[in-house]
Protein chains: 2
Amino acid sequence: MTGKLMQVVSSAHSYPLLIKQLWHTTLQQAPDQVIVYRDIARFTYRELRERIGRLASALERLGVDAGDTVGVLDWDSNRFLEAYFAVPMMGAVLQTVNVRLSPEQIAYTIDHANTSVLLVNDEFVPMLEGIRQQLPKIRTLIVMSDRTVPQTGGLTFAGEYEDLLRGASPGYDFPDFDENRLATTFYTTGTSGPPKGVSFSHRQLVLHSLAEMAFLGAAAKQGRLCRDDVYMPITPMFHAHAWGLPWTATLSGVKQVYPGRYDPAVLLKLIKTEGVTFTHCVPTILQRLLAAAAAADTDLTGLKMVIGGSELPKALARQALALGVDVFAGYGMSESAPLLCLSQVRSADLSGDPEAEAEIRTRAGLAAPLVDLRLVDAGRNEVPPDGKTQGEIVLRAPWLTQGYIGNADASDELWVGGYMRTGDVGIIGPDGYLRIVDRIKDVIKTGGEWVSSLQIEDLLSQREGVSEAAVIGVKDEQWGERPLALVVRDERTGRDLTDTQLKAHLKGFVEAGVISKYGIPDTILFVEALPKTSVGKFNKNELRHQYGSG
Amino acid sequence: MTGKLMQVVSSAHSYPLLIKQLWHTTLQQAPDQVIVYRDIARFTYRELRERIGRLASALERLGVDAGDTVGVLDWDSNRFLEAYFAVPMMGAVLQTVNVRLSPEQIAYTIDHANTSVLLVNDEFVPMLEGIRQQLPKIRTLIVMSDRTVPQTGGLTFAGEYEDLLRGASPGYDFPDFDENRLATTFYTTGTSGPPKGVSFSHRQLVLHSLAEMAFLGAAAKQGRLCRDDVYMPITPMFHAHAWGLPWTATLSGVKQVYPGRYDPAVLLKLIKTEGVTFTHCVPTILQRLLAAAAAADTDLTGLKMVIGGSELPKALARQALALGVDVFAGYGMSESAPLLCLSQVRSADLSGDPEAEAEIRTRAGLAAPLVDLRLVDAGRNEVPPDGKTQGEIVLRAPWLTQGYIGNADASDELWVGGYMRTGDVGIIGPDGYLRIVDRIKDVIKTGGEWVSSLQIEDLLSQREGVSEAAVIGVKDEQWGERPLALVVRDERTGRDLTDTQLKAHLKGFVEAGVISKYGIPDTILFVEALPKTSVGKFNKNELRHQYGSG
């Protein structure tokens, strides 16, 4: 083939995308920038990088090799950050153990991940004592503590974290290896069944870090992270990599603050004393933080905050804006490492009007660079981004879990036709912003249209006299499914409420173009109470079981 | 191995890093943003993406397949941008032909790249007619023109660009393929020998784009590119991918302006009428642009400009700053795709003092994310980033050419011990900024120290009475090499200048700690004139040939 160029680049001088590569520019350009752990410790990047070398040397001495999984049970700390790097950089896999699960679930995830070494904050020693017997694969325990003398209970530890680091060499030579090697694993809990394990490779996490940095940097005025920012997580590092920001912040060379267990008073103090400008949390924490700030009369102006985990209510967004918090929603999931979207506000939309801005800031947002995010209908055909048409959100991105560990069935359901299913139903506007309208399993497919149960519930709830409303789909010969509403009357104002009144109420929204006429339930039943899940959501599985046959 | 997690991620749902992936978010989030070509054409991103599909369909109809190389001869245009995407996205290789080379060199590069299809701006038809016989592998010519009727001379064209696009389908289905497939090739001219071809894969260019976006976004106040910017290249698209910014700007979804052939009046007009805020060029163009702006009394405030290609003189930087241009240097090379460093000024250093800022803005800069940039001594040991120790700059990065096409010897010299040699000698400060001090072949190795010939030349030139000074290394039994200076006296002020005076002058700099005592040449010769290369630099090869035996 003399007429052709060699078509594929040789890999003689290849550069694998490994987590260790995130350090090159930071060590050179920001060696003296600091990482803060509460009021307990401060390290420069140079020192932290040395500690990462020491941690790897210590783990190696304890017999950890590239085939092992090392779990961490800790609140957000410099130690956790050190493990975020050292464990994958030596070729092992980091399990970020969700310490908020029940002891039984924690034992399940540790055993299921085949984890053999645990780094344990001594706060969790009593809990760990209770499940030690269920962890036959654990061969090494390392204790970590903020106390002078760690509590060890009846457990046998191979050493104390700081002791081990002191005795180990900082000069661990982190090798090159296949960028597709696994780096991390953690577990996600659904509404049913045991926790499911997701996992991510070095390549995926490096690309996630780089794209997150690019995405946050592209914002002109609102929603950016730059070299002058100070980062602090308030989404736990054991949950979906804390948005991947510990890596992205390190790659960016910014000051970082780790707050330990989330105590609103400590968080507020760190925000003020360390000058934190960028963080992320769930709505509940935001609420607690705002209450604490109001009580302490703390001004939060200049604090950028990404909200994820569950929907950011508009009222909460307005409340945060009023206190100076530059709040905006994000969209991501455990299966996506997690970054997918951020609701950065474009410069032209920074009107200063809280109502208008809250409308944008509470959307799921704009997709991150390289994320191929589409909406598809039930036949898996793409639907247009017209701000009206609903579809299930499906994805391709360079950082999606390839499946659930040891769960072929769930993995098969996760990926369809080369795209990962999110299970969420959304609308994309002509401006590119995604809004989430429902979970796919709660959407009602009727007459070829998708009706959002959440939207109908929301509209019903707005009617005086309604305390709560749940909407489910029931089978229908002609339409496939039809919505059925279950309404709890308000004791004071709703005693005489009728289904005819509620249908008339909804009809108003049909005429206003808010919902389609298919959205009006044929049947509205009044009930005394609605069954809820452990996190306070309607238990629709149970409702469908009770009422689903129509 | 029941105790181990599966260690490598399966590639069942892999996401190859392909140039087509740069379009996902832009098409969704900025479909109506515009790409401007002079005062000739305007397209939205949606339209441009359609034209990319049409171009691929048209090329396919003309027999282009994934094994072919397609060359472009054009000034900066939307057409060139379309080819930047369409050609690699269909799996073919894009050759960006350097139209500033001599016709013989152009013929050499086209033939050497095995290019079979050429897209030709009709301005180059007369030149192409002259070399057509030297291009036996070219089987298809397509003409492009800004005129109503393109000039075709005696050449046979398969069609006119706009005609072909009109007749082709926008719905080309760009396939997935191996991300290591070649995407581009272009040629670099050195001081000797024929042009050398470098080449880059999809993976390399996607990573280059993402890292460039992240790097530009990380800057807090100075030297950033964000969603509100308007981009225009003034480094040709045929030269080192115009810093890769056409891809990065597209990935960022910003407005883009393509100025055609560089005419200072047109450039100034586009900057003002289209609101250009971000560009890049070589010092010579900056000089011409500043002169034109001064003559036309045009205010350039707010224009960010990266300077590359050759060193940005401090005086020119100050002049640009005085006219409102936010100028800063970059460092890159053809072999590195090209981005390596940018001299972004940290917020704390934005003093407003032109002298102090010019000192930072003229450095080679800070390395981009993931770039592993080191200095090594003659024994290839790393030297410290202490702001004093010189070393040859060597690199690992995810976007370095793997070698020169069909030139094994030069390729072998390029890569040593897993690192790419730049041939440049630099100093890295404790703040992470790189400064270039010399070319490795011009550095004088004496008594175990490296003396920068450029620095000694600069110091000699500062002495009254010196018109020009060149310094080379000559062999020395005891010291390895010793510097020898060749000085041209200034006709007016330097008639009585002696070598003793010049040595005393240099001794002052030794005492001030600016240079080491080894930097004072043993021999200073006065000559009538110094030999120069075609680009006006001292011809040191010739000087070494004449004087090198000492």
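Residues numbered from 1 in each chain as written. Chains lettered and ligands numbered in written order. Predicted model: local features only at pLDDT ≥ 70, side-chain atom pairs only at ≥ 80, totals over all residues. Heavy atoms only, no water.

1. Let's talk about the overall build of chain A
1) Next: Each helix and strand counted, chain A has 16 helices and 26 strands in total.
2) Next: For 550 residues, the compact-globule formula gives about 24 Å, and the C-alpha radius of gyration of chain A, at 25 Å, lands near that figure.
3) Next: Judged by the C-alpha coordinates and their principal axes, chain A covers about 75 × 75 × 50 Å.
4) Next: Put simply, chain A has 550 residues, and 61% of those count as buried.
5) Next: For chain A, the proportion of contacts with a sequence separation of at least 24, taken over those separated by at least 6, is 67%.
6) Next: When the accessible area of chain A is evaluated, it comes to approximately 20900 Å², of which 49% is carbon and sulfur surface. (Helix = DSSP H or I, 4+ residues; strand = E, 2+ residues; numbered from the N terminus. Rg over C-alpha atoms; globule rule 2.2 N^0.38 Å. Buried < 20%, exposed > 50% of the residue type's maximum accessible area, 1.4 Å probe, protein only. Contact = heavy atoms within 4.5 Å. Areas by Shrake-Rupley, 256 points an atom, 1.4 Å probe, with all protein chains shown as cover.)

2. Some words on the domain arrangement of chain A
1) Next: Examined at the domain level, chain A breaks down into domain 1 (41–201) and domain 2 (443–547).
2) Next: Taking the mean C-alpha position of each, domain 1 of chain A and domain 2 of chain A sit 47 Å from one another. (Domains from an automatic or database assignment.)

3. Details of the environment of K517 of chain A
1) Next: The topology assignment puts K517 of chain A in the loop between helix 15 (499–511) and strand 26 (523–526).
2) Next: For K517 of chain A and A211 of chain A, which are 306 residues apart along the polypeptide, the C-alpha to C-alpha distance reads 42 Å.

4. Notes on the sheet that holds strand 7 (residues 159–160) of chain B
All names here are of chain B.
1) Next: A sheet is described by the order of its strands in space; here seven strands give the open sequence 7-6-5-3-4-8-9, paired in mixed fashion. The open sheet has two free edges, formed respectively by strand 7 and strand 9 (196–201), since each of these has just one partner strand.
2) Next: Where strand 5 (residues 117–121) meets strand 6 (residues 140–144), five bridges bridge the pair, whose relative direction is parallel. Paired with L118 across the bridge in strand 6 is L141.
3) Next: Each of strand 3 (69–73), strand 4 (93–96), strand 5, strand 6 and strand 8 (182–188) touches helix 3 (residues 78–89); the most contacted strand, strand 4, lies at about 150° to it. (Pairing = 2+ DSSP bridges. Axes fitted to C-alpha atoms, helices over the stretch in contact; angles between N-to-C directions.)

5. Structural notes on the nonpolar core
1) Next: Ranked by size, the top nonpolar core spans 246 residues in total, and within it L73 and F85 of chain A together with F85 of chain B carry the most contacts.
2) Next: In contact with L73 of chain A, not counting residues within four places along its chain, are V97, V99, I106, I110, L118, L119, V120, N121, F124, M127 and M144 of chain A. (Core = buried A, V, L, I, M, F, W, Y, C linked by side-chain atoms within 4.5 Å.)

6. Re the sheet that holds strand 5 (residues 117–121) of chain A
Residue and element names in this part refer to chain A.
1) Next: An order of 7-6-5-3-4-8-9 is seen for the seven strands of this open sheet, with the pairing classed as mixed. Bordering the open sheet on either side are strand 7 (159–160) and strand 9 (196–201), each of which pairs with just one other strand.
2) Next: Sitting on the sheet, helix 7 (residues 202–218) touches strand 8 (182–188) and strand 9, and the angle it makes with strand 9 is about 75°.

7. Observations regarding the relation of the copies chain B and chain A
1) Next: Expressed as a screw transformation, the operator carrying chain B onto chain A has a rotation angle of 180° and an axial translation of 0.0 Å, and the superposed copies differ by an RMSD of 0.2 Å. On this basis, the relationship between the two copies can be described by a two-fold rotation axis.
2) Next: The residues that chain B uses at the interface reappear at the interface of chain A in 100% of cases, marking a shared surface. (Least-squares fit on C-alpha atoms with pLDDT ≥ 70 in both.)

8. Quick word on helix 11 (residues 314–322) of chain A
Since the α-helix turns once every 3.6 residues, residues separated by three or four places project in the same direction.
Residue and element names in this part refer to chain A.
1) Next: Residues L316, A317 and A320 constitute the buried set of helix 11. Burial along helix 11 is one-sided: seen end-on, the buried residues are contained in an arc of 100°.
2) Next: Positive phi appears at G324, one or two residues downstream of helix 11, with a value of about 90°. (Arc of directions from axis to C-beta.)

9. Some thoughts on the interface of chain B and chain A
1) Next: Each partner contributes to the interface: chain B provides 82 residues, whereas chain A provides 82 residues.
2) Next: Of the roughly 6700 Å² buried at the junction of chain B and chain A (both faces included), carbon and sulfur atoms supply 54%.
3) Next: Inspection of the region where chain B meets chain A yields six salt bridges.
4) Next: Between K221 of chain B and D228 of chain A there is a salt bridge; the shortest N-O distance is 3.5 Å.
5) Next: Taken together, chain B and chain A are joined by 32 residue pairs in polar contact (both at pLDDT 80 or more).
6) Next: Taken together, the elements giving at least two residues each to the side of chain B that touches chain A come down to helix 1 (24–29), strand 8, helix 7 (202–218), strand 16 (366–367) and strand 17 (372–376) of chain B.
7) Next: Considering each element in turn, the side of chain B that touches chain A owes the most residues, 11 residues, to helix 7 of chain B.
8) Next: Residue composition of the side of chain B that touches chain A, by class: 40 nonpolar, 25 polar and 17 charged. (Buried area = accessible area lost by both parts, 1.4 Å probe. Salt bridge = Lys/Arg side-chain N within 4 Å of Asp/Glu carboxyl O. Polar contact = N/O pair within 3.5 Å; in protein donor to acceptor, adjacent residues only side chain to side chain. Nonpolar A, V, L, I, M, F, W, Y, C, P; charged D, E, K, R; others polar.)

10. So, the pattern of salt bridges
1) Next: On inspection of all chains with the given rule, the structure shows 65 salt bridges over all chains.
2) Next: The salt bridge partner of E274 of chain A is K255 of chain A, with a shortest N-O separation of 2.8 Å. Residue E274 of chain A is located in helix 9 (residues 264–274), and its partner K255 of chain A is located in strand 11 (residues 255–258); the two are separated by 19 residues in the primary sequence.
3) Next: Its relative accessible area of 11% is what places E274 of chain A among the buried residues.
4) Next: Judged by relative accessible area, which is 14%, K255 of chain A ranks as buried.
5) Next: Across the pair R396 of chain A and D176 of chain B runs a salt bridge whose closest N-O atoms are separated by 2.7 Å. Residue R396 of chain A is located in strand 18 (residues 391–396), and its partner D176 of chain B is located in the loop between helix 6 (161–166) and strand 8; the two belong to separate chains.
6) Next: You can call R396 of chain A buried: its relative accessible area is 14%.
7) Next: Residue D176 of chain B is classed as partly exposed on the basis of its relative accessible area, which comes to 38%.
8) Next: Through salt bridges with shared partners, a single ionic network connects E179 and R203 of chain A together with E179 and R203 of chain B.

11. Some points on the packing of aromatic side chains
1) Next: Under the defined criterion, the tally for this structure stands at 18 aromatic pairs over all chains.
2) Next: Aromatic side chains W75 of chain A and F124 of chain A sit 5.3 Å apart centroid to centroid with 50° between the ring planes, which places their arrangement in the tilted category. With W75 of chain A in the loop between strand 3 (69–73) and helix 3 (78–89) and F124 of chain A in the loop between strand 5 and helix 5 (125–131), this pair connects stretches of sequence that are 49 residues apart. No difference in accessibility class separates W75 of chain A from F124 of chain A, as the two residues are buried.
3) Next: Ring geometry for W479 of chain B against Y518 of chain B: centres 5.6 Å apart, planes inclined by 55°, an arrangement best described as tilted. A residue pair is termed long-range when its members are at least 10 positions apart, and W479 of chain B in the loop between strand 24 (466–476) and strand 25 (480–489) and Y518 of chain B in the loop between helix 15 (499–511) and strand 26 (523–526) qualify at 39 residues. (Phe/Tyr/Trp six-rings, centres within 6.5 Å; stacked < 30°, edge-to-face > 60°.)

12. As for the packing of helix 9 (residues 264–273) of chain B against helix 10 (residues 283–295) of chain B
Residue and element names in this part refer to chain B.
1) Next: The contact between helix 9 and helix 10 brings their axes to 9 Å, and the two run at 70°. Considering their axes alone, helix 9 and helix 10 lie roughly perpendicular with respect to each other. Residues P264, L267, L268 and I271 of helix 9 lie in contact with helix 10, whose contacting residues are R288, L289, A292 and A293. (Parallel < 35°, antiparallel > 145°, perpendicular 65-115°, else oblique.)

13. Considering the environment of M89 of chain A
Residue and element names in this part refer to chain A.
1) Next: Take M89: it is sitting in helix 3.
2) Next: Looking at M89, the relative accessible area reads 1%, which means it is buried.
3) Next: Sequence-distant contacts of M89, defined by excluding residues within four places in its chain, comprise I19, K20, W23, R49, I52, F174, P175, F177 and H202.

14. A few points about the pairing of strand 5 of chain B
On a regular strand, each side chain points to the face opposite its neighbour's, so the side chains alternate between the two faces of the sheet.
All names here are of chain B.
1) Next: For strand 5, a buried count of five out of five residues is recorded, marking the element as mostly surrounded by other parts of the structure.
2) Next: Relative to strand 5, strand 3 runs parallel, the two being bridged by four bridges. The partner of L73 across the bridge, within strand 5, is V120.
3) Next: Handedness of the crossover joining strand 5 and strand 6 through helix 5 (residues 125–131) is recorded here as right-handed. (Right-handed = clockwise from strand over helix to strand, strands pointing away.)

15. Topic: the side chain of Q29 of chain A
1) Next: Secondary-structure assignment places Q29 of chain A in helix 1 (residues 24–29).
2) Next: Assessed through its relative accessible area of 14%, Q29 of chain A is described here as buried.
3) Next: With sequence-adjacent residues up to four places away left out, Q29 of chain A is seen in contact with R346, L366, A367, D431 and G432 of chain B.

16. So, unusual backbone geometry
1) Next: The omega torsion across A337 of chain A and P338 of chain A is 10°, close enough to zero to call that bond cis.
2) Next: Residue placement: P338 of chain A occurs in the loop between strand 14 (326–332) and strand 15 (339–342).
3) Next: Positioned with a positive phi, W243 of chain A is a non-glycine residue whose angle comes to about 65°.
4) Next: Within the secondary structure, W243 of chain A sits in the loop between strand 10 (230–231) and helix 8 (245–252).
5) Next: Unusually for a residue other than glycine, L370 of chain B sits at a positive phi of about 75°.
6) Next: On the secondary structure map, L370 of chain B appears in the loop between strand 16 and strand 17.
7) Next: In this structure L370 of chain B comes out as buried when scored by relative accessible area, which is 0%.

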